[in-house]
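# Understanding the architecture of this molecule
Below, each chain spelled out in residue letters.
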Amino acid sequence: MNEYVIGVDLGTSAVKVSAMDHDGKIIAQQSYGYDLHQPHPGYSEQDPRDWLYGTTIAIDRLILRDGIKAEEIKGISFSGQMHGLVLLDADGQVLRPAMLWNDTRTTKQCEEIKKKMGDRFIEITGNRALEGFTLPKLLWVKENEPEIWARAKSFLLPKDYVRYVMTGKQAIDYSDATGTVLFNIKKNAWSKEICDTFDIPESMCPPLIRSIDEAGTITDSYAMFSGLKTTTKVFGGGGDNACGAVGAGILKPNMVMSSIGTSGVILKYEPDANVDYHGALQYECHAIPDTYYSMGVTLAAGHSLNWFKHTFAKGEDFTEMVNRAAKRPLGANGLIFTPYIVGERTPYADADIRGSFIGVDSMQNKYDFVRAVIEGITFSFRDILNIYDQHGQDFDTVVAIGGGAKSDFWLQLQADIFNKKVVSLTNEQGPGLGAAMLAAVGLGWFNSLQDCAKKFVHFGKEYEPQPETVKKYDELYKIYHQIYDQTKDLSHQIMKLRNSWD
Ligand SMILES: Nc1ncnc2c1ncn2[C@@H]1O[C@H](COP(=O)(O)OP(=O)(O)O)[C@@H](O)[C@H]1O
Ligand SMILES: O=C(CO)[C@@H](O)[C@H](O)COP(=O)(O)O
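Please read these numbers as outputs of a predicted model, since none were measured by experiment.

### Digging into the site of ligand 2
In the neighbourhood of ligand 2, 15 residues make up the surrounding shell, with T12, H83, D240, S263 and R345 lying closest. Taking T12, its side chain carries an N or O atom lying 2.4 Å from an oxygen atom of ligand 2. Protein chains shield 94% of the accessible area of ligand 2, which is 380 Å² for the free molecule. Elements that contribute at least two residues to the shell around ligand 2 include exactly helix 10 (240–247) and strand 19 (292–298).

### Let's talk about the packing of aromatic side chains
Scanning the model with the defined rule gives 24 aromatic pairs in all. An angle of 35° between the planes, with centres 6.1 Å apart, marks the rings of Y277 and Y283 as tilted. Here the two residues Y277 and Y283 agree in accessibility, since each one is buried. The interplanar angle of 85° and the centroid separation of 6.1 Å between the aromatic rings of Y340 and Y348 together place this pair among those described as edge-to-face. Counting every residue linked through ring pairs, the aromatic cluster contains Y277, Y283, Y292, Y388 and F395. Stacked on the ring of F318, the Lys or Arg K309 has its end atom at 5.3 Å from the ring centre. In this arrangement the basic side chain of K420 is found over the ring face of F395, its NZ or CZ atom lying 5.1 Å from the centre.

### Some remarks on the environment of I417
Turning to its location among the elements, I417 is positioned in helix 14 (residues 408–418). For I417, a relative accessible area of 1% gives the class buried. Ignoring any residue separated from it by four or fewer positions in sequence, one finds I417 in contact with E375, T378, F379, R382 and Y473.

### Overview of the nonpolar core
Membership of the largest hydrophobic core comes to 89 residues, with the highest contact counts inside it found for L87, L135, L138, F155, L182 and L305. Examining the composition of this core, we find that 13 residues originate from one element, helix 13 (residues 366–390), more than from any other. Excluding its chain neighbours within four sequence positions, the residues that come into contact with L135 are I113, F121, T180, V181, L182, I194, F198 and I200. A70, L156, M255 and Y293 belong to the second-largest nonpolar core, a separate cluster that totals 77 residues.

### Focus: helix 13
Helix length check: helix 13 (25 residues) gives 37 Å between terminal C-alpha atoms against 36 Å at 1.5 Å per residue, within 8%. With 22 of its 25 residues buried, helix 13 lies for the most part within the structure. Where helix 13 begins, the capping side chain belongs to N365, and its oxygen is found 2.8 Å from the backbone nitrogen of Y367. Looking one or two residues past helix 13, G392 carries a phi angle of roughly 65°, positive in sign.

### Observations regarding the packing of helix 11 (residues 302–312) against helix 13
Here helix 11 crosses helix 13 at 165°, and the two axes come no closer than 9 Å. Classified by the angle their axes make, helix 11 and helix 13 are roughly antiparallel. As for the relative orientation of helix 11 and helix 13, their crossing is right-handed in sense. Contact with helix 11, carried on its side by S304, L305, F308 and F312, involves K366, F369, V370, V373, I374 and I377 of helix 13 and no other residues of that element. Its residues assigned to classes, the contact of helix 11 with helix 13 comprises eight nonpolar, one polar and one charged.

### Examining the UniProt feature "domain: Carbohydrate kinase FGGY N-terminal" (unreviewed entry) in the protein chain
Within the UniProt annotation, "domain: Carbohydrate kinase FGGY N-terminal" (unreviewed entry) is assigned to residues 4–247. In the segment residues 4–247, helix accounts for 36% and strand for 23%; the C-alpha atoms at its two ends are 17 Å apart.

### Observations concerning the pairing of strand 16 (residues 255–260)
Of all the six residues making up strand 16, six are buried; the element is thus mostly covered by neighbouring parts of the structure. Going residue by residue along strand 16, you find M255, M257 and S259 tucked away on one face and V256, S258 and I260 tucked away on the opposite face as well. Bridge count for strand 16 against strand 22 (residues 397–401) is five bridges, and the pairing is parallel. In the strand pairing of strand 22, M255 is matched with T397.

### Observations concerning the packing of helix 2 (residues 107–117) against helix 4 (residues 134–144)
Between two packed helices, both the angle of their axes relative to each other and the distance between the axes serve to describe the pair. Two elements in contact, helix 2 and helix 4, have axes whose closest approach is 9 Å; the angle formed by their N-to-C orientations is 110°. Accordingly, the angle class assigned to the pair helix 2 and helix 4 is roughly perpendicular. As for the relative orientation of helix 2 and helix 4, their crossing is right-handed in sense. Residues K108, Q109, C110, E112 and I113 of helix 2 form the contact with helix 4, whose participating residues are L135, P136, L139, W140, E143 and N144. Its residues assigned to classes, the contact of helix 2 with helix 4 comprises six nonpolar, two polar and three charged.

### Here we look at the sheet that holds strand 24 (residues 459–463)
Pairing is mixed in the open sheet, where seven strands are placed in the order 18-19-17-16-22-23-24. Single-partner strands in this sheet number two, and they are strand 18 (282–285) and strand 24. The sheet shows a mean angle of 30° between the axes of neighbouring strands, direction not considered. Both strand 23 (residues 421–425) and strand 24 contribute to a ladder of three bridges, which runs antiparallel. Counterpart to L425 in the pairing with strand 24 is F459. Packing of helix 10 onto the sheet brings it into contact with strand 16, strand 17 (264–270), strand 19, strand 22 and strand 23, and relative to strand 16 it is tilted by some 120°.

Conventions used here
- Per chain, residues are indexed from 1 in the order of the written sequence.
- Numbering of ligands from 1 and lettering of chains from A proceed in the order in which they are written.
- Only residues with pLDDT of at least 70 get local features here, since the model is predicted, and only at 80 or more are side-chain atom pairs given and counted; chain-wide, interface and lining totals rely on the full set of residues.
- Values reported for side chains reflect all heavy atoms of the structure, with hydrogen atoms and water molecules removed beforehand.
- We call a residue near a molecule or strand whenever a single non-hydrogen atom of that residue lies within 4 Å of it.
- Here a polar contact means two N or O atoms within 3.5 Å. Within protein one must be a hydrogen donor candidate and the other an acceptor candidate, and residues neighboring in sequence count only if both atoms are side-chain atoms.
- Only the protein chains shown count as cover for residues, with accessible areas throughout obtained via the Shrake-Rupley method and a probe of 1.4 Å.
- Strands here are runs of E lasting at least two residues and helices are runs of H or I lasting at least four, both read from the DSSP assignment and numbered beginning at the N terminus.
- For this analysis, a ring pair means two rings from Phe, Tyr or Trp (six-membered ring only for Trp) whose centres lie within 6.5 Å, classed as stacked if their planes differ by under 30 degrees, edge-to-face if by over 60, and tilted for the remaining angles.
- Type-normalised accessible area, obtained with a 1.4 Å probe on protein chains alone, sets the label of each residue: buried when under 20%, exposed when over 50%, and partly exposed for intermediate values.
- Put simply, a charge is over a ring when the Lys NZ or the Arg CZ is close to the ring centre, within 6 Å, and near the line of the ring normal, within 35 degrees.
- The contact rule is simple, with two residues in contact once any of their heavy atoms fall within 4.5 Å.
- Here the nonpolar core consists of buried residues drawn from Ala, Val, Leu, Ile, Met, Phe, Trp, Tyr and Cys, with membership extended through side-chain atoms lying within 4.5 Å.
- Expected span of a helix: the number of residues minus one, times 1.5 Å.
- Fitted lines through C-alpha atoms serve as axes, helices being fitted only where they are in contact, and the angles separating the N-to-C directions of these axes extend from 0 to 180 degrees.
- Comment on the angle field: the value is read as roughly parallel under 35 degrees, roughly antiparallel over 145, roughly perpendicular from 65 to 115, and oblique elsewhere.
- Each helix crossing is assigned a hand: it is left-handed if the near helix lies turned anticlockwise from the far helix by less than a right angle, otherwise right-handed if that turn is clockwise.
- Asp, Glu, Lys and Arg are counted as charged, while Ala, Val, Leu, Ile, Met, Phe, Trp, Tyr, Cys and Pro are counted as nonpolar; the rest, among them Gly, fall into the polar class.
- UniProt positions are given in the numbering used here, feature names are shortened, and annotations may be inferred rather than shown by experiment.
- Any two strands are treated as partners once DSSP identifies two or more bridges connecting them.

Set out below in structure tokens:
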């Protein structure tokens, strides 16, 4: 009988499921898209039931369309969009729409955390309190929706909610637990000090498991709902960036990952919890047991391109649109874009900054704008790389994953703007592949994720920086880098005005 593992990549735009065999060969893939609700500036919500139905439909399609037999599915694991708050009542029912990682309504709560705990907060969690994280969201609900807060008994993160419905057991893995900022990264446990300071009952925090641990098996009711078998084992899984790094083979400190999904990420493997970026970068537990990673996040990376396409080039295909942009001149005929369209996280933790196009000229066409968007997103990654430089952290290879890594042009652009070698994967499935690897190791198919990577991860084409282009982008980046400081006051004034009209 064939045996498969399924990696569920619960993204922001869609859930993607991949079935893989013992050799790491992708046998079948399905996906299902869902909506993002942005009812006010800074708000970003999804309905957890959409994740559940989307995941179930996508897995069903593996069975019904791709001919995978339910009994052949030995294990399932997850990669999940991070930080999102799913609030549950005593019966495990969802109390309100999930507030996502890119929801930035919690500036006031972040300031309160900073005021009450100062640097002690970074000492405990390895992170600053930023709007996207889970604790500020809990405090927002407590303050603004007291009737919902009174009924709240526990919280989960997005993938944990789907796993909970599948297994009937609530749990969270260490990589996603760090992203709540309620977690003591040095003690590997929920922080009583933080819970007490903000009057969050510790009992609300779910039990902790490792990413490769078995969380349970499929319940009778979910088996009936989905067609899966109750013998299928379900494993912890991890935050999407931890899983992306596993699937991209980032298992040593000399490599970093760049991920262009809805968000954008530069991530570095860290062997221990001791490098001190003093909150300038996020510091999280890895999905690889007892290791860590640091990262910086551009809130709207792929989201900026998606927004542009949706607003100005609706009917066009991504690949076609990007290929046309590639034919425009370097620097988009003098146009520079900053991707702060939902606020920013790294290096500017600023919920009220907004994006800009600088240098609009009547000779530019739509594809200059597309090119400027792509270049601007990539410059924002360079801002993150600068933080590593400032801390004396070096590396030689960037492994690129995410939807943005589908484009040859964008991969070469990363090499030229970063002035580093960029490597793609032969099968761009970063987080989903990482999730499947967690199930494969959990099932005992391999002794470790490192062993599994030897079979599952295959590097593809390499993109070397081109010295002449590197030089030109260096000059352009120096201008890009000034835009935040020179536009932030204007952005803040506009935001204040919008809020006063609301
Ligand atoms: N062919 C393509 N070329 C370049 N970028 C693309 C292409 N297709 C998708 N993208 C970008 O990738 C993003 C989606 O990436 P993905 O990793 O699937 O996101 P998520 O996991 O957040 O749902 C889109 O928003 C888009 O900007
Ligand atoms: O907030 C973060 C990381 O801290 C984001 O990276 C989210 O985890 C969303 O990821 P994508 O949907 O872009 O993959």
